[in-house]
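Here is how the chains run, residue by residue.
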Amino acid sequence: GIQVEQSPPDLILQEGANSTLRCNFSDSVNNLQWFHQNPWGQLINLFYIPSGTKQNGRLSATTVATERYSLLYISSSQTTDSGVYFCAVLGKLIFGQGTELSVKP
Amino acid sequence: EAQVTQNPRYLITVTGKKLTVTCSQNMNHEYMSWYRQDPGLGLRQIYYSMNVEVTDKGDVPEGYKVSRKEKRNFPLILESPSPNQTSLYFCASSPRTALHGYTFGSGTRLTVV
């Protein structure tokens, strides 16, 4: 089956810093989604991004399906960005193991 | 507001006492599914439904039942809960098939003692 790998597994940032999270997948996929799991456990949809680039405020995402990766950019990070970021390949919804982000004030 | 609503958010129960976790979506989505999240194991699919009266097993269906009598509702039933079903549960829906963007419910944290 498709393998989804995320890096880095953990990330600590000072408030205001920028970061890039990466998601690699082992086979061609048609659809990919990024989620944020906040400290209360809720899964928040960030981007549905099968290809190309999307932006929403301080967050943006790029998927290059032909090269089997997707990137999530967080600019000017805030403490409320803390939590775990997952990418998931749609179909059966195969999740990566997540990147745990901690933003310090 | 478009959303998936799960209830309850938190539940502590005893072994063997039947329970139902409800899930309802107001987006007219055809596809709905249930997941459980456990430390070190990630999110695993329990059951899914492509449409009304169409359900199928996911990766970890043992000990669970579902029904899809109406498009908006997809309850998860634990007939005889056991401690190994202690987990964080999520319901999700998607517009047509499993290949479109998902919306997740807020989660149900279940503890079986």
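Residues numbered from 1 in each chain as written. Chains lettered and ligands numbered in written order. Predicted model: local features only at pLDDT ≥ 70, side-chain atom pairs only at ≥ 80, totals over all residues. Heavy atoms only, no water.

Student: Outline the pairing of strand β4 (residues 31–38) of chain B, supporting the account with residue identities and numerical values.
Tutor: All names here are of chain B. For β4, the tally of buried residues reaches eight of eight residues, placing the bulk of the element in the interior. By the alternation rule, side chains of β4 split into Tyr-31, Ser-33, Tyr-35 and Gln-37 and Met-32, Trp-34, Arg-36 and Asp-38, which are all buried. Taken together, the seven bridges between β4 and strand β9 (residues 87–94) define a ladder with antiparallel strand orientation. Pairing of Met-32 across the sheet is with Ser-93, part of β9. Two elements, β4 and strand β5 (residues 42–51), share seven bridges in a ladder whose sense is antiparallel. Residue pairing across strands places Gln-37 opposite Leu-43, the latter belonging to β5. Between β4 and β5, which pair antiparallel and follow one another directly, the connecting turn spans three residues, one of which, Gly-40, has a positive phi of 80 degrees. (Buried < 20%, exposed > 50% of the residue type's maximum accessible area, 1.4 Å probe, protein only. Helix = DSSP H or I, 4+ residues; strand = E, 2+ residues; numbered from the N terminus. Pairing = 2+ DSSP bridges.)

Student: How would you sum up the state of the cysteines? Please name residues and give values.
Tutor: Residue and element names in this part refer to chain A. Inspection of the entire model under this criterion finds two disulfides over all chains. Two residues, Cys-23 and Cys-87, share a disulfide whose sulfurs are 2.0 Å apart. The sign of the S-S torsion, about 75 degrees, decides the handedness of the disulfide formed by Cys-23 and Cys-87: right-handed. Taken together, the residues Cys-23 in strand β3 (residues 19–25) and Cys-87 in strand β9 (residues 83–89) connect sequence positions 64 residues apart. (Disulfide = S-S within 2.5 Å.)

Student: So, the interface of chain B and chain A: which residues are in play, and what are the values?
Tutor: Chain B puts 18 residues into the contact, and the matching count from chain A is 17 residues. Carbon and sulfur atoms make up 53% of the area that chain B and chain A hide from each other, which totals about 1500 Å². Counting across the interface, chain B meets chain A through zero salt bridges. At the junction of chain B with chain A, the criterion picks out three residue pairs in polar contact (both at pLDDT 80 or more). The set of elements that each furnish at least two residues to the side of chain B that touches chain A consists of β4, β5 and β9 of chain B. By residue number, the principal contributor to the side of chain B that touches chain A is β4(B), which donates three residues. (Contact = heavy atoms within 4.5 Å. Buried area = accessible area lost by both parts, 1.4 Å probe. Salt bridge = Lys/Arg side-chain N within 4 Å of Asp/Glu carboxyl O. Polar contact = N/O pair within 3.5 Å; in protein donor to acceptor, adjacent residues only side chain to side chain.)

Student: I'd love a proper account of the pattern of salt bridges, names of residues and values included.
Tutor: In the structure shown here, the tally under the stated rule is five salt bridges over all chains. Residue Asp81(A) is joined to Arg58(A) by a salt bridge in which the shortest nitrogen-to-oxygen separation is 2.9 Å. Taken together, the residues span a long stretch of sequence, with Asp81(A) in the loop between β8 (69–74) and β9 and Arg58(A) in the loop between β6 (52–56) and β7 (59–64) at a distance of 23 residues. The partner of Glu79(B) in a salt bridge is Lys18(B), with the nearest N and O atoms 4.0 Å apart. A residue pair is termed long-range when its members are at least 10 positions apart, and Glu79(B) in the loop between β8 (76–78) and β9 and Lys18(B) in the loop between β2 (10–13) and β3 (19–25) qualify at 61 residues. Look at Glu79(B) and you get partly exposed, because its relative accessible area is 35%.

Any functional reading would require information beyond the geometric quantities listed.
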